[in-house]
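# Coordinate analysis (summary)
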Amino acid sequence: MAVHGKRKRISHILANSQIPNSQSALPCTPQNGTFSQEDGRRGRCVEGSILRITMQNFLTYDHSEVFPGPHLNMIVGANGTGKSSIVCAICLGLAGKTAVLGRGDKVSLYVKRGCSKGSVEIELYRAEGNLIINREIHVENNQSVWMMNGKHSSQKAVEEAVRELQIQVGNLCQFLPQEKVGEFAKMSKIELLEATEKSVGPPEMYNFHCELKSYRTKERDLENLCKEKANFLEKAKQRNERNKVDVERYHMKRRHLDRIQMLDKKKPWVEYETARKELEEVKKQREEIKKTAKSLKEAQAPLLRKIQSIDSKLQPIENQMKEKTIKIREASQKCKQKQDHLDRKYKEIDDIKQALSLKQTEEADRQKRIGNTKRMIQDLQRELDNMGSQEDVTPRIEAVNVELRRIQEEKARLDGERQDLRRDKDEASGELRRLQNRQRNLEDMMNRKEEKLRNRFPDTHTALLWLRNHRDLFEGNVYEPMMLVINVRDPRHAKYIESHIPVNDLRAFVFQKQQDMEKFMTEVRDNRRLRVNSVIAPAESCANRPPSRPIDSLKRFGFFSYLRELFDAPEEVMSYLCHQYKISDVPVGTEKTKSMIETVIKESQLRMIYTADEKYTVKRSAYSNKTISSNSALRPSQFLTMAIDAEERQHLEEQLSAAQQQVQNIDARMKAAEEQQTKLERRDNEFRSEKKKLSELKGKKRQLEQRISTKQDSLRQMEQGGINLQEAEEEAKTKISHVNDQKVAIVEDILNSMKFRARLSMEKVFLALESAGLTAEKTKLESDLRDGSAELRRAEQAFTELDQRKTSLLGTCKNLMRRASEICNMNPGETVVPEILRTAFSELPDTLDEIDAMLNEERARAECFTGLNEAVVEEYNKREKEIKNMEKELEEKTNALNTYRQNISEAKERWLNPLKLLVEQINEKFSNFFRSMHCAGEVDLHSENEEEYDKYGIRIRVKFRSSTQLHELTPHHQSGGERSVSTMLYLMSLQELNRCPFRVVDEINQGMDPVNERRVFDIVVKTACSGNTSQYFFITPKLLQNLTYADEMTVLCVHNGPYMLPPNKWNDKAFIRRVKRRTNQ
């Protein structure tokens, strides 16, 4: 620590160590230990500056008070002494969220271990009276009690009071804790602009920006709405314009339909008049026909009488003719019967002759069969005699039967063996399927792990797919991301592994050779622009390196294993983790370990410890040799919960291979058995064929003897069954002579019947001639009568038709009158056409033909207008109303849009011009700061579209080497030290513009090289100690030697340890004298 000799005022920190009986303080405070309002005015404090911070049982402090100065406050102290605890106190004491600090998410975690409550009190400068905020934190329920100026208050009231003083602990441009330094460079341009507006802009600037974004959103909505309505209006007009022709055509069609309707009304009246005239004419014709029919009836009476006289003569003659006809038919029937009887006799003679012929043929056939049978007996006897010299085949048949029985026994044995093999194969196949299902389950678990990787780190997953397709490009071993190759033996222990190994390494690829890693990163990061991580395994393997002490020596503390033993991984991956994260020396304990954690930390001398639910990190102070520990709660595992037992997997693969080999062996044995079975079947068929031939040979002799005996029996039967042909011929002649006698008698009867029939026929002819004469006379009379009757019938028919026509026309006239009245809507009984219709009818044709012609013409014209209906007109009129309404609504929306545009223009002018001026001021200071460091940097207001106000952002571009171009500040392009320098200089550019009362920056110089750290320090001192800047807190664990200090800065040295003096025994003057003495020496 360096203390300036001319400093006029030195504030101090009253610090209590973690051991209550050993306390020390740095006496850099006024005599009374307070900071009054008058002191604040003299010290040029701005509204909201911190005058005092008091911590009670907070993190590393039992009790401590901090009195910062009005300008630059440099808080210096060794790691673990409590510098960041002051930052946490400022944040939580001013109602900040724990997320801002990036530490524990519960406020109760900030209470000192072993205490039930803690408190933070902050005194803020305010012109009308200082504001004292007190926050008391209770561990049990994780709740806080708030007080303002000694009165109970709510967190919301505290937040409002802090907001009125322009304090924004959630703004990284004002409050940058240690854990959030890296996030500043990750802020987008838009976020940086908003943070800058809130931090250094006028109070209304950010409101104007929000108002502009809101206006612009509404403007876009209105523009879209106006475009939609304009498009809809244009389409409606176009549609109505298209429908206008249809509407005109509809009206034309309507006129034609009206004329058709009027013609339809007149037509019944014309039809009625035509029917009435026709009815009168029919009545006249009916009377004339009636008179003619009467005269024709009187002229036909004499002819009817003559015809009746002839009919009386014809009737007896016709009766006699009928009797003669009946007798002739009976005689003919009798002749026919006799003729049929004669035909049967002829057929009887033919049957006798045919029977005789059959007997002759049968006898000839018998003689022929006897000869054939004798020849067959002779042939069979010769064949039987020839077979007597052949040997006996019975012994050979018995030998073949023995072979067949032996083959059957062998086949039965093979069938049993095949059944056993099938059962063995079924069992082996079932076991193989079970193992394959188990292997698929393991592969599914790997796929789920890979799916988690794809969802969380898509770039890493893309690089993984590329690696799997290009493994042949690499010489050494290349391992997929660690989260895929690490296999936790017990899923409950996955949280320890994930807590110990950073996520960036869990998603990193592991390489055995450096050139392989460079080749991989060139391809995926430079060429494919993928954000991936990769690591190189140590040249000398550390995977099997034993732990520094046996785990048995730690079991008394509740430890059961080292991290190394909780999971499996490939050798290179395990070597890297052992080398990088010392997993072989990090033990894992239980609740027992947690219950005796202080003893464990003190006696075990371990650097890192895991209990059941917490992680402890133990450090030793380089200044006081004091042990400092911190703990954090373990979060549930996200990536390694799916455990795959490597031994089980290897054993499963071995079992799977063995099962596949067993199935293959069984298949080979079954194939061999089938081949042997085929050979036995072939031999069995050969022996059976031979046996069949031998059996046939043995049975052939017996068959021949049987056949000879059978043929001899048949021959004896045929010789005994002979026919006497001479007796048969004599018998046939006798029968034929008897039948001929019967034929003669039948012929005589036929001749007598024919004579009787001829006599009857002559008598019938005479009667027919007499009947013909009378019939001719009657025919002539009937002809004359028919002529008169035809004329009479025609007259009567004409009369009937006229009468029917009269009746029909009368009904038609009535119907036409009623129909015409109904069509014209006339009252019942009214027969006179109304005057209005008579006038309309006068303009129309008077005849039916003309009316029909006009109707056809009008209908043809109306039919030309197809596809039209009344809905077209209704839709047209409705759309016309909608168009008028839409035009009115569009005009209102357009006026509203113009109003919004006017408001946007005014708000843009109020916001953008001051913002550009503000950014130019920031850029000027930022550029000057970089120029003083022999680097280059600029800040500008960036927007791709001037009208998109939510896309405006502040872009920071820097370069640290003269050979490069300006590059935008990103989390990836610049190194950590370059990002820290850029962040620090940007915050210093805001210092003189800042309207916030104070700024906090925690350990931002840790990544800087000494040259940049010195330059940045000079800029911080120069800027923060100027007369018009707000309060500045700069926290650092170390400082370079021979730095330049200013009188206006305040150095707060944090001493916290077991050997510190109590605050009341600390003498700042004596301390300064000792420092000067050492300096002079």
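Every value quoted in this text rests on a predicted model; they were computed, and no experiment measured them. (Residues numbered from 1 in each chain as written. Predicted model: local features only at pLDDT ≥ 70, side-chain atom pairs only at ≥ 80, totals over all residues. Heavy atoms only, no water.)

## Focus on the sheet that holds strand S11 (residues 478-479)
- Spatially, the 3 strands line up as an open sheet ordered S11-S13-S14, and their pairing is mixed. The sheet terminates laterally at S11 and strand S14 (533-536), the two strands that pair on one side only.
- Two elements, S11 and strand S13 (residues 508-511), share 2 bridges in a ladder whose sense is antiparallel. Looking across to S13, one finds that Tyr479 is bridged to Val510.
- Sheet strands in contact with helix H14 (residues 514-527) are S13 and S14, and its direction is about 170 degrees off that of S14. (Pairing = 2+ DSSP bridges. Helix = DSSP H or I, 4+ residues; strand = E, 2+ residues; numbered from the N terminus. Contact = heavy atoms within 4.5 Å. Axes fitted to C-alpha atoms, helices over the stretch in contact; angles between N-to-C directions.)

## A short note on the nonpolar core
- Counting 52 residues, the largest nonpolar core has Leu72, Trp911, Ile956, Leu985 and Met1049 as its most contacted members.
- For this core, the element with the most residues is helix H22 (residues 870-932), which contributes 11 residues.
- Excluding anything up to four places from it in sequence, Leu985 contacts Phe926, Phe929, Phe930, Met933, Val1016 and Ile1019. (Core = buried A, V, L, I, M, F, W, Y, C linked by side-chain atoms within 4.5 Å. Buried < 20%, exposed > 50% of the residue type's maximum accessible area, 1.4 Å probe, protein only.)

## What about the environment of Asn142?
- Among the secondary structure elements, Asn142 is positioned in the loop between strand S7 (131-138) and strand S8 (143-148).
- Note on Asn142: relative accessible area 29%, which makes it partly exposed.
- Asn142 sits 25 residues away from Lys117 along the chain, and the two C-alpha atoms are 9.5 Å apart.
- Here Asn142 is in contact with Lys106, Val107 and Ser108, once residues within four sequence places are set aside.
- Within the structure, the side chain of Asn142 is placed 2.9 Å from the backbone nitrogen of Ser108, a separation counted as a polar contact. (Polar contact = N/O pair within 3.5 Å; in protein donor to acceptor, adjacent residues only side chain to side chain.)

## Some remarks on the pattern of salt bridges
- Per the stated rule, a full pass over the model turns up 32 salt bridges.
- For Asp340, the salt bridge identified is with Lys336, shortest N-O distance 3.5 Å. With a gap of 4 residues between them, Asp340 and Lys336 both fall in helix H8 (residues 301-386), about one helical turn apart.
- The exposure class assigned to Asp340 is partly exposed, which follows from its relative accessible area of 29%.
- Through salt bridges with shared partners, a single ionic network connects Arg52, Glu65, Glu121 and Glu123. (Salt bridge = Lys/Arg side-chain N within 4 Å of Asp/Glu carboxyl O.)

## Quick word on the side chain of Asp940
- Assignment of secondary structure puts Asp940 in strand S21 (residues 936-942).
- Looking at Asp940, its side chain comes within polar contact range of the side chain of Arg955, at 2.7 Å.
- Residues within four places of Asp940 in sequence aside, it is in contact with Val919, Gly953, Ile954 and Arg955.

Shape is all these values report; function is a separate question.
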